[in-house]
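This is what each chain is made of:
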Amino acid sequence: MSGMFGFGRPQPSSAEKIAAAEQEMDLVTDMFNKLQQACMKKCVPKDYREGELNKGEGVCIDRCASKFFDVQMKISELLQAEAQAKGATGGGFGVGGL
């Protein structure tokens, strides 16, 4: 059946699926940590005195997170377009290509 519906590609094993899920979790965790560090540094003063964010800090963090994800999406789109262009020409990723 894999030839009919899987287009001849072998299905990933359970270990491969787990490894892929772990890698994705690591990437998401890394992205969250970068977002948190960047937005906290920009929006929350180091000498805060309140347990809760004030309105200005909350708005700043909302905007910061939105911009962070917008930039991540644009970078992802550019990298995908570059990969497709290189795939169409038969080239690979090179150091100078990024």
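Everything discussed here concerns the structure shown above.
Residues numbered from 1 in each chain as written. Predicted model: local features only at pLDDT ≥ 70, side-chain atom pairs only at ≥ 80, totals over all residues. Heavy atoms only, no water.

The next subject is the pattern of salt bridges. Counted under the stated rule, the structure contains 3 salt bridges. Measuring nitrogen to oxygen at the nearest pair gives 3.4 Å for the salt bridge that ties Lys-34 to Asp-30. Highlighted residues: Lys-34 and Asp-30, both in helix H2 (residues 14–43), separated by 4 residues, approximately one helical turn. The partly exposed category is assigned to Asp-30, whose relative accessible area is 37%. Across the pair Asp-47 and Arg-49 runs a salt bridge, and its minimum N-O distance is 3.7 Å. Residues Asp-47 and Arg-49 agree in their burial class; the two are exposed. (Salt bridge = Lys/Arg side-chain N within 4 Å of Asp/Glu carboxyl O. Helix = DSSP H or I, 4+ residues; strand = E, 2+ residues; numbered from the N terminus. Buried < 20%, exposed > 50% of the residue type's maximum accessible area, 1.4 Å probe, protein only.)

For the rest of this paragraph, the subject is the state of the cysteines. Chemically, a disulfide is nothing more than a covalent bond linking the sulfur atoms of two cysteines. If you walk through the whole model with that rule in mind, you get 2 disulfides. A sulfur-sulfur separation of 2.0 Å characterises the disulfide bridge that pairs Cys-39 with Cys-64. Sign of the S-S torsion, about -90 degrees for the bond between Cys-39 and Cys-64, identifies this disulfide as left-handed. Remark: Cys-64 occurs in helix H3 (residues 55–89) and Cys-39 occurs in helix H2; sequence separation between them is 25 residues. The buried category is assigned to Cys-64, whose relative accessible area is 11%. Shown here is the disulfide that connects Cys-43 with Cys-60, its sulfur atoms set 2.0 Å apart. Its S-S torsion of about -70 degrees marks the bond between Cys-43 and Cys-60 as left-handed, since a negative value means left-handed. With a gap of 17 residues between them, Cys-43 in helix H2 and Cys-60 in helix H3 connect regions that are remote in the sequence. For the chain, numbering the cysteines in disulfides from first to last along the sequence yields the connectivity 1-4, 2-3. (Disulfide = S-S within 2.5 Å.)

A few words on H3. End to end, H3 covers 51 Å across 35 residues, agreeing with the expected 51 Å (1.5 Å per residue, within 8%). Within the sequence span of H3, burial applies to Glu-57, Ile-61, Cys-64, Ala-65 and Phe-68. Packing partners of the buried residues in H3 comprise H2. Where H3 begins, the side chain of Asn-54 points an oxygen toward the backbone nitrogen of Gly-56, at a separation of 3.1 Å. (Expected span 1.5 Å × (residues − 1). Contact = heavy atoms within 4.5 Å. Polar contact = N/O pair within 3.5 Å; in protein donor to acceptor, adjacent residues only side chain to side chain.)

It is worth spelling out the packing of aromatic side chains at this point. Following the criterion strictly, the structure yields 1 aromatic pair and no others. Between the aromatic rings of Phe-68 and Phe-69, the centroid separation amounts to 5.8 Å while the plane-to-plane angle is 90 degrees, which identifies the pairing as edge-to-face. Judged by relative accessible area, which is 41%, Phe-69 ranks as partly exposed. (Phe/Tyr/Trp six-rings, centres within 6.5 Å; stacked < 30°, edge-to-face > 60°.)

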